[in-house]
Amino acid sequence: MATAKSTPDPFDDVRDAFADLGTSEKAAFVLEATFETLGQALSETGRRAASVLDDLDIDSWFRTWEPQDVGAPPPPPPAPPPASKPAPKATRKKPPTTPKKTAGKPKPPTRRPPADDEG
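How each quantity is defined
- Residues numbered from 1 in each chain as written.
- Predicted model: local features only at pLDDT ≥ 70, side-chain atom pairs only at ≥ 80, totals over all residues.
- Heavy atoms only, no water.
- Helix = DSSP H or I, 4+ residues; strand = E, 2+ residues; numbered from the N terminus.
- Buried < 20%, exposed > 50% of the residue type's maximum accessible area, 1.4 Å probe, protein only.
- Areas by Shrake-Rupley, 256 points an atom, 1.4 Å probe, with all protein chains shown as cover.
- pLDDT = per-residue confidence, 0-100.
- Salt bridge = Lys/Arg side-chain N within 4 Å of Asp/Glu carboxyl O.
- Patch = residues over 30% accessible without salt bridge, like charges linked within 9 Å, V, L, I, M, F, W, Y side chains within 5 Å.
- Phe/Tyr/Trp six-rings, centres within 6.5 Å; stacked < 30°, edge-to-face > 60°.

K.L.:
So what exactly am I meant to see when it comes to the overall build of the chain here?
P.N.:
A tally of helices and strands in the chain yields three helices and zero strands. Residues classed as buried in the chain amount to 0% of the 119 residues present. For the chain, the computed accessible surface area is about 13000 Å², with 61% contributed by carbon and sulfur atoms.

Written out as structure tokens, the structure reads:
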């Protein structure tokens, strides 16, 4: 019975080398790898966006179209019939008010504060 050869993981060597690094070297490696990956992703995104823009006809967005001759314009709507006299408005009478307790009494004089020169 033949046993299948296992393919070595290509990252094993990288992991072993990374484990041998000091803390500052590990941090520098991670940052460098991160920025390299971001740069590649931005570059790929830029290529894809450029490809889409190349296929897009921007001029068609701003092209003005000549109106087609579709015949005479439709006739205007008929004028509304003349209005008859408006109905008289209904007026409401106010209910009678009851006299208040102060009705008919003179108002008391208002007091004003003394002026600065009064004494």
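K.L.:
In this structure, what is going on with the confidence of the model for the chain? I would like to understand it.
P.N.:
The predicted coordinates should not be examined in detail at positions where pLDDT is low. Model confidence for the chain is summarised by a mean pLDDT of 80, while 81% of its residues fall at 70 or above. Considering each helix and strand of the chain separately, the mean pLDDT is smallest for helix α3 (residues 59–62), with a value of 76, and largest for helix α2 (residues 23–55), with 94.

K.L.:
Sorry if this is basic, but what is going on with the pattern of salt bridges here?
P.N.:
Between side chains of opposite charge, a pair can form as their charged atoms come close. In total, this model carries four salt bridges according to the counting rule given. The salt bridge involving Asp9 is made with Arg15; its shortest N-O contact spans 2.8 Å. You can call Arg15 partly exposed: its relative accessible area is 47%. Residues Arg15 and Asp12 are paired through a salt bridge, measuring 3.4 Å at the closest nitrogen-oxygen approach. With Arg15 and Asp12 both in helix α1 (residues 11–19), this residue pair falls three residues apart, about one helical turn. Look at Asp12 and you get partly exposed, because its relative accessible area is 35%. The structure contains a network of salt bridges with shared partners spanning Asp9, Asp12 and Arg15.

K.L.:
Can you help me understand a nonpolar patch on the surface in this one?
P.N.:
A cluster of nonpolar side chains, contributed by Phe11, Val14, Leu21, Phe29 and Val30, occupies part of the molecular surface with about 440 Å² of accessible area. Sorting the residues of the nonpolar patch by element identifies α1 and α2 as the ones contributing at least two each. Within the element layout of this structure, Val30 appears in helix α2.

K.L.:
What should I look at first to understand the packing of aromatic side chains in this one?
P.N.:
For any pair of aromatic rings, the description rests on two quantities: the centre-to-centre distance and the angle between the ring planes. Going through the model one piece at a time under the given rule, you end up with one aromatic pair. Seen in terms of ring centroids, Phe18 and Phe29 are 5.6 Å apart; in terms of plane orientation they differ by 55°. Their pairing is tilted. With Phe18 in helix α1 and Phe29 in helix α2, this pair connects stretches of sequence that are 11 residues apart. Overall, the relative accessible area of 27% leaves Phe18 in the partly exposed class.

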